[in-house]
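# Structural overview for review
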Amino acid sequence: MGTVAEETEILDGMVEAELYVKYQCFAQAKAILEEILETAPRYLPAKEALRDIFRKTGETEKAAEVTREIAHISEEIAAERRPVGTEGQSKDAKDKRQLVERIDGIIREIYDSTKLSDILKVSAQRLLESLRADRCVIIRLGQNKGATASFELCQPGLASSLDSRTAKLNFLIHKKVTAVSEAMAIDQVHQDPTLQECRSVLEDLKIQSILACSLVYKSNPIGMVIIHRCGGPTEWSEQEKILFSTVAGHVAVAISNAQQLDAIQAMAITDKLTGVYNRRFFEERLSAELTNAQQQRYPLCLAILDIDHFKSVNDSFGHAAGDRVLHKLGFLLKTNLRKGNVVARFGGEEFCVILPNTKMSTGHAIMENLRKLIESSLASEGGGPITISAGVAEAQFSGSSPVGEIQKVLIHAADEQLYQAKRSGRNRVCSHHTNPTKTP
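Since the model is a prediction, treat every value here as computed from it, not as a measurement.

On to the overall build of the protein chain, then. The number of helices and strands found in the protein chain is 14 helices and 10 strands. For 440 residues, the compact-globule estimate of 2.2 N^0.38 gives 22 Å, and the C-alpha radius of gyration of the protein chain, at 23 Å, lies within 12% of that figure. Its C-alpha atoms give the protein chain principal-axis dimensions of about 75 × 55 × 50 Å. Relative to its 440 residues, the protein chain shows a buried fraction of 47%. Long-range pairs, those at least 24 residues apart, make up 64% of the contacts in the protein chain between residues at least 6 apart in sequence.

So this is what it looks like as structure tokens:
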């Protein structure tokens, strides 16, 4: 962005804008963000905060305009950061990278919503767009005597499938899905022998192919999501199946969170002081991410970090000063990580970062870059630098280990590496198979 002083000024402005938003002083927040963007026109955190304010205040056209600007800037930055020589990389590598980016974007939008109606709408919209599909049905199992509630989104001109005629069809699809315990694709529905008794319904609704997946939360089935194609390609690609299965896992977590929020009317998933997720949500999200990583066979890392000598900040300058440090650290973490990553406050001055689809070496490098950024950007009331220590561990999967046990072992391993960083002198990152690192 610029000099250290300019970066500090922008950081202070973003924190102030966040506080204005927290207390719904949107005009003041917009003024601060617009001033920041005059200095740093491509500063994405400010753009994203401005977009969110437009959404909150009902200025949908302005929000859409800023969303397009964010996408354009993101593409520019990605092109600038692309390593020399990547033009010749394999098509498979490019496709995998694009798939991860699409999934990250969808998951971010799903978790940005806390209302059940918004979660269902966003999930259905993004699945239809990403899968080139025509109809999305999300069925939720109710809490009272097996009652169900359904949500549907159709492409323009397509008839709704939510009526008594499809009860049998959805029952048969659910039976097939639960039997395989994973996403199920039916490329040619008219040729599937188990659906022949519903042939007339399939023809009336113009369904050519189906993609379906159970929604499972903490090992309990809570519903099902079904995608219909009524024209165009009838075969589902492997990438489409991966995207669908991965997103469905997060939809289940988001729906469950929303239902619990509705049940008690005020169960927050974010830490009020820092603006990042709280420990409860972290544990649930980590379980979902580990399940997806195990099923899709991709790596996942967890980092645990805390502020060095934080007690001395509170003792020397007061708890208000300590709270400001925690708030700024939370802001830096959530705005300087890839969208698919998850930042949460674990407790006190300790934070966790979930790094899906990330190997140990990459996870270590990411946290080392964050360590350097924090050291150069954060300062105490007395002007001294604020530093962090971090530990990184990679999840170890085996066919016989349940996700709960894998999660427990992973948290313990990352915690052990954090304490190794502390014992090695602080202001450094430690991980398995690496030496403690610190900028000279």
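Now that the structure has been shown, the text picks up again.
Turning to the sheet that holds strand 7 (residues 342-347), a few remarks are in order. Two modes of strand pairing occur in sheets, parallel and antiparallel, and in both the strands are linked by backbone hydrogen bonds. Pairing is mixed in the open sheet, where 5 strands are placed in the order 7-8-6-9-10. Strands at the two margins of the open sheet, each flanked by one partner only, are strand 7 and strand 10 (429-431). Within this sheet the neighbouring strands show an average axis-to-axis angle of 20 degrees, counted without direction. Examined bridge by bridge, strand 7 and strand 8 (residues 350-356) share 5 bridges and lie antiparallel to one another. The residue of strand 8 that forms the bridge with Ala344 is Cys352. Its contacts with the sheet place helix 14 (residues 403-423) against strand 6 (300-307), strand 7, strand 8, strand 9 (388-394) and strand 10, and it is angled at close to 145 degrees to strand 9.

A word on the packing of helix 11 (residues 310-317) against helix 12 (residues 319-335). In the contact formed by helix 11 and helix 12, the axes pass within 6 Å of each other and the chain directions differ by 140 degrees. Relative to helix 12, helix 11 is oriented oblique. Every residue of helix 12 that contacts helix 11 at Phe310, Val313, Asn314 and Phe317 is listed here: His319, Ala321, Gly322, Val325 and Leu326. Across the contact of helix 11 with helix 12, the residue classes break down as 6 nonpolar, 3 polar and no charged.

Going through the model one piece at a time under the given rule, you end up with 3 aromatic pairs. Ring centres of Tyr111 and Phe281 lie 5.3 Å apart, and the angle between their planes is 85 degrees; on these two criteria the pair is classed as edge-to-face. One end of the pair, Tyr111, is in helix 5 (residues 91-112); the other, Phe281, is in helix 10 (residues 279-296), with 170 residues separating them in the sequence. Of the two residues, Tyr111 and Phe281, neither departs from the other in class, the shared state being buried. Judged by centre distance (5.7 Å) and plane angle (90 degrees), the ring pair of Phe282 and Phe346 falls under edge-to-face.

Counting buried positions along strand 4 (residues 209-217) yields 8 of 9 residues, so the element is predominantly enclosed. Pairing analysis gives 3 bridges linking strand 3 (residues 184-186) to strand 4, with the strands arranged antiparallel. Opposite Ile186, over in strand 4, you have Ile210 as the bridge partner. As paired strands, strand 4 and strand 5 (residues 220-229) are joined by 9 bridges and run antiparallel to one another. Bridge pairing links Ser209 to Arg229 in strand 5. Here strand 4 folds back onto strand 5 in antiparallel fashion, the turn holding 2 residues, of which Lys218 has a positive phi close to 50 degrees.

Conventions and cut-offs
- Within each chain, residues carry numbers counting from 1 in the order of the written sequence.
- With pLDDT at 70 or above as the cut-off, local features in this predicted model cover only qualifying residues; side-chain atom pairs require 80 or more to be listed or tallied, and sums for whole chains, interfaces and linings still use all residues.
- The side-chain quantities take in all heavy atoms of the structure and omit both hydrogens and water.
- Runs of E in the DSSP output that reach at least two residues are strands. Runs of H or I that reach at least four are helices, and both are numbered from the N terminus.
- In this setup the radius of gyration rests on C-alpha atoms only. A globule is expected at 2.2 Å times the number of residues raised to 0.38.
- Burial status follows relative accessibility: with a 1.4 Å probe on protein chains alone, a residue under 20% of its type maximum counts as buried, one over 50% as exposed, and anything between as partly exposed.
- Throughout, a contact is declared for two residues whenever any of their heavy atoms are within 4.5 Å.
- At least two bridges found by DSSP between two strands are what make those strands a pair.
- An axis is simply a line fitted to the C-alpha atoms; with a helix, the fit covers only the stretch in contact. Between two such axes, the angle follows the N-to-C directions and lies from 0 to 180 degrees.
- Here the angle decides the label: under 35 degrees means roughly parallel, over 145 means roughly antiparallel, 65 to 115 means roughly perpendicular, and every other value means oblique.
- Here the term charged refers only to Asp, Glu, Lys and Arg, the term nonpolar to Ala, Val, Leu, Ile, Met, Phe, Trp, Tyr, Cys and Pro, and the term polar to all other amino acids, Gly among them.
- Geometry of aromatic contacts follows a simple scheme: Phe, Tyr and Trp rings, the Trp one being its six-membered ring, pair when their centres are within 6.5 Å, and the pair is stacked under 30 degrees between planes, edge-to-face over 60, tilted otherwise.

Shape descriptors only; they carry no functional weight alone.
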